[in-house]
Amino acid sequence: MKPKTTNWQMLSRNKNPDEYREHYLDLSFSISQLMRSIEEKENEILSISDRLIELLAEKSTQENKAQYARAREKRTRLRDECVDLKSLVRQEDAQKEWLLQQAKMVFMAGANV
């Protein structure tokens, strides 16, 4: 009776080290792009916060109140986007770590055969 084929054995037949490396690099690039986007949004949040302080210091007019409300809404939206992007980074990072562990398992098992 033939032993049951495990997932790592199937992967070792279907992927070579170059495919693992390419997938790993793609994930790393994706994480890098997400982190860049997060940093840009966080910088924009700081800029908006500075502008809000300036608006509070100015004489209160209807236009200032409207600008203040728009700035606060935008800051809130950017914060929400940062939270979503950080979640994606964690998912991509977990996938990258899983891929690394899987590659180690596949190629270490292949070396022991």
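Please read all numbers here as calculations on a predicted model, not as lab measurements. (Residues numbered from 1 in each chain as written. Predicted model: local features only at pLDDT ≥ 70, side-chain atom pairs only at ≥ 80, totals over all residues. Heavy atoms only, no water.)

Observations regarding the overall build of the protein
Helix and strand content of the protein: 3 helices and 0 strands. Written out in order from the N terminus, the α and β elements of the protein read α-α-α. Across the 113 residues in the protein, those meeting the buried criterion constitute 22%. Look at the contacts in the protein between residues 6 or more apart in sequence, and 77% of them connect residues 24 or more apart. (Helix = DSSP H or I, 4+ residues; strand = E, 2+ residues; numbered from the N terminus. Buried < 20%, exposed > 50% of the residue type's maximum accessible area, 1.4 Å probe, protein only. Contact = heavy atoms within 4.5 Å.)

Here's the deal with the pattern of salt bridges
This structure, assessed with the given rule, holds 9 salt bridges. Notably, a salt bridge pairs R51 with E58, separated by 3.7 Å at the nearest N-O pair. Residue R51 is classed as partly exposed on the basis of its relative accessible area of 32%. For E58, a relative accessible area of 37% corresponds to the partly exposed category. Several salt bridges converge on common partners, so that one network encompasses K41, R77 and E81. (Salt bridge = Lys/Arg side-chain N within 4 Å of Asp/Glu carboxyl O.)

A few points about the confidence of the model for the protein
In this model, the protein carries a mean pLDDT of 86, and residues with pLDDT of at least 70 account for 83%. Mean pLDDT values for the elements of the protein range from 47 in helix α1 (residues 7-14) up to 94 in helix α2 (residues 17-57). Low pLDDT, under 50, characterises residues 1-12; the predicted model gives this stretch 10 contacts beyond four residues in sequence or across chains. (pLDDT = per-residue confidence, 0-100.)

With respect to α2
Taking 1.5 Å as the rise per residue, α2 with 41 residues should run 60 Å; its terminal C-alpha atoms sit 60 Å apart, in good agreement. Taken residue by residue, α2 has Y20, L27, I31, L34, I38, K41, I45, I48, S49, L52 and L55 as its buried positions. Capping of α2 at its N-terminal end is provided by N16; its side-chain oxygen lies 2.9 Å from the backbone amide nitrogen of D18. (Expected span 1.5 Å × (residues − 1). Polar contact = N/O pair within 3.5 Å; in protein donor to acceptor, adjacent residues only side chain to side chain.)

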